[in-house]
Amino acid sequence: MLLFLFVLVCCLLFCELISRRSVFKGLTYDCRPSSRVLEPGQLFELVATLENNKWLPVSFLKVVQSLPADIQLDAYLGRFSSDVTSARLYSSCYLMPRQRLVRRITASLPRRGRHFVMDATLLAGDLLGLSQQQRDIHQFYEIVVLPRRVEAPDLSQALGGFLGDVSVQRFILEDPVLTIGAREYTGHEPMKTISWKHSVRTGRLMVKNFDHTVENCVTVLLNVDGGTDYDTMERCFSLARMAVEQLESKGIQYSFLTNAATAGAMGRWSEVADGLGGGHTKAILEGLGRATHDVLESFDSLLWRAVRRSQQGRAHILVTPQAIPASDPRLARLREHSQGMLFLLSAEALAQEEERRSAS
């Protein structure tokens with residue numbers, strides 16, 4: 001009997017020694033979000049996975065996970081603390097040999113921008129629970145929250161009417177590439193439109209008759225130069241989103257220019273070429289989600305960049321922090337290159353409409 005107890009104690013001490021030396025061997029941890037791009041307040045899951053791949057159990061394991069500071073958790077049973085810079089999620093468990101444990105935590109993020117699920121700290125106990133060891137787990141997962149959708153019926157209706165006028169204008173503008181015939185020269189057409197082949201054939205001056213099928217394009221200009229506070233800048237991003245989504249819904253090709261800086265994978269994102277479709281819209285909206293409040297260039301420089309890229313049949317939607325009078329001389333050249341099709345949206349006007357709606 002004593003011999004059996006002696007052997008048992010020796011085996012136990014041997015296992016304890018091994019567990020102390022290999023407490024983190026075969027132990028893996030990961031915590032990642034179920035979605036990478038989210039709407040403000042949209043529910044998603046944090047999927048935390050713990051796996052013990054060794055033949056010894058882990059008698060005690062404590063996990064301290066770093067999370068975005070403003071994250072909101074839905075009915076989590078563990079301990080949670082947060083401050084201005086970050087939040088921490090505390091949990092503990094026991095793992096059997098070869099056991100895999102998955103926890104799904106429902107969460108949401110209320111504010112636009114980039115958020116990070118980053119490093120975690122593991123505190124693991126030995127077989128007998130006599131000591132603890134610590135290991136830092138390095139991980140990096142990014143979540144981009146898009147600008148909130150604007151609830152401004154007056155602005156939305158006005159923008160819809162403007163886009164209706166853009167659609168009608170395609171039957172007024174001539175396409176200089178598609179020729180459908182010739183007509184007699186009246187003296188008002190430019191000399192470059194004269195068709196010398198038809199003129200020789202008929203014995204009088206004839207000009208090319210172009211088809212009216214110029215493809216409509218709209219450039220959305222987002223100016224953040226002059227934004228004075230957080231709410232104003234956020235309204236600018238929301239207005240830009242409203243313009244992009246209305247263009248997409250009406251099937252009008254559009255490009256995007258901005259002087260706002262962005263962070264992360266998109267780098268110095270300042271323009272998106274003409275396009276249409278879900279992928280095109282997604283790229284612009286993700287850029288708006290990544291945008292910071294830093295200004296890359298002046299408002300005048302942004303306008304000049306838009307003028308240089310303008311062409312026949314292109315209209316412009318300009319989003320600015322403050323309301324700009326239509327008679328502002330800085331807009332004259334852009335309006336000229338837009339054939340008068342220039343629509344102005346301002347964060348100031350949006351704030352006023354929101355105040356009227358809340359007062360009524």
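So, how was this worked out
- Residues numbered from 1 in each chain as written.
- Predicted model: local features only at pLDDT ≥ 70, side-chain atom pairs only at ≥ 80, totals over all residues.
- Heavy atoms only, no water.
- Salt bridge = Lys/Arg side-chain N within 4 Å of Asp/Glu carboxyl O.
- Helix = DSSP H or I, 4+ residues; strand = E, 2+ residues; numbered from the N terminus.
- Buried < 20%, exposed > 50% of the residue type's maximum accessible area, 1.4 Å probe, protein only.
- Phe/Tyr/Trp six-rings, centres within 6.5 Å; stacked < 30°, edge-to-face > 60°.
- Contact = heavy atoms within 4.5 Å.
- Polar contact = N/O pair within 3.5 Å; in protein donor to acceptor, adjacent residues only side chain to side chain.
- Pairing = 2+ DSSP bridges.
- Axes fitted to C-alpha atoms, helices over the stretch in contact; angles between N-to-C directions.
- Expected span 1.5 Å × (residues − 1).
- Arc of directions from axis to C-beta.

Once that is clear, we can look at the pattern of salt bridges. In total, this model carries 19 salt bridges according to the counting rule given. Residue Arg148 pairs with Glu354 through a salt bridge whose shortest N-O separation is 2.9 Å. Of this pair, Arg148 sits in the loop between β12 (141–145) and α2 (153–169) while Glu354 is found in helix α8 (residues 347–359), placing the two residues 206 residues apart along the sequence. Since its relative accessible area comes to 22%, Glu354 is described here as partly exposed. The partner of Glu297 in a salt bridge is Arg305, and the shortest N-O contact between them spans 2.4 Å. Assigned by exposure class, Glu297 and Arg305 land together as buried.

What follows deals with the packing of aromatic side chains. Counted under the stated rule, the structure contains one aromatic pair. Aromatic pair Phe116 and Phe140: ring centres 5.2 Å apart, planes at 35 degrees, arrangement tilted. Of this pair, Phe116 sits in strand β9 (residues 113–117) while Phe140 sits in the loop between β11 (132–137) and β12, and the two are 24 residues apart along the sequence.

Right, let's get into the environment of Ser156. On the secondary structure map, Ser156 appears in helix α2. Residue Ser156 is classed as partly exposed on the basis of its relative accessible area, which comes to 26%. Sequence-wise, Ser156 and Leu239 are 83 residues apart; in three dimensions their C-alpha atoms are separated by 9.4 Å. Discounting chain neighbours no more than four positions away, the residues touching Ser156 are Met242 and Gln246. A distance of 2.8 Å separates the side chain of Ser156 from the side chain of Gln246, its partner in a polar contact.

This part takes up the sheet that holds strand β16 (residues 253–258). Taken together, the five strands give an open sheet; going across it, the order is β18-β16-β15-β20-β21, and neighbouring strands pair in mixed fashion. Looking at strand neighbours, the two that pair on one side only are β18 (271–275) and β21 (342–346), the edges of this open sheet. For this sheet, the mean angle separating the axes of adjacent strands, direction not counted, is 15 degrees. Note that strand β20 (residues 314–320) and β21 share five bridges and pair parallel. Among the inter-strand pairings, Leu318 is bridged to a residue of β21, identified as Leu344. Sheet strands in contact with helix α6 (residues 299–308) are β15 (217–222), β16, β18 and β20, and its direction is about 150 degrees off that of β16. Contacts from α8 reach β20 and β21 within the one sheet, and its direction differs from that of β21 by about 60 degrees.

Attention now goes to α8. Every α-helix winds through 3.6 residues per turn, so residues three or four apart in the chain are directed the same way. With 13 residues, α8 should reach 18 Å at 1.5 Å per residue; the first-to-last C-alpha distance of 18 Å fits that figure. For α8, the set of buried residues is Ala347, Leu350, Ala351 and Glu353. Summarising the axial view, the buried residues of α8 lie within an arc of 165 degrees, below the 170-degree limit, and thus occupy one face. Exposed positions of α8 whose direction lies more than 90 degrees from the buried face are Glu355 and Ala359.

In terms of strand pairing, strand β3 (residues 44–52) meets strand β8 (residues 100–108) through eight bridges, oriented antiparallel. Each residue of the ladder has a partner; that of Val47, found in β8, is Arg104. Bridge analysis of strand β5 (residues 72–73) against β8 gives two bridges, and the strand direction is antiparallel. Counted as the bridge partner of Leu73 is Ala107 from β8.

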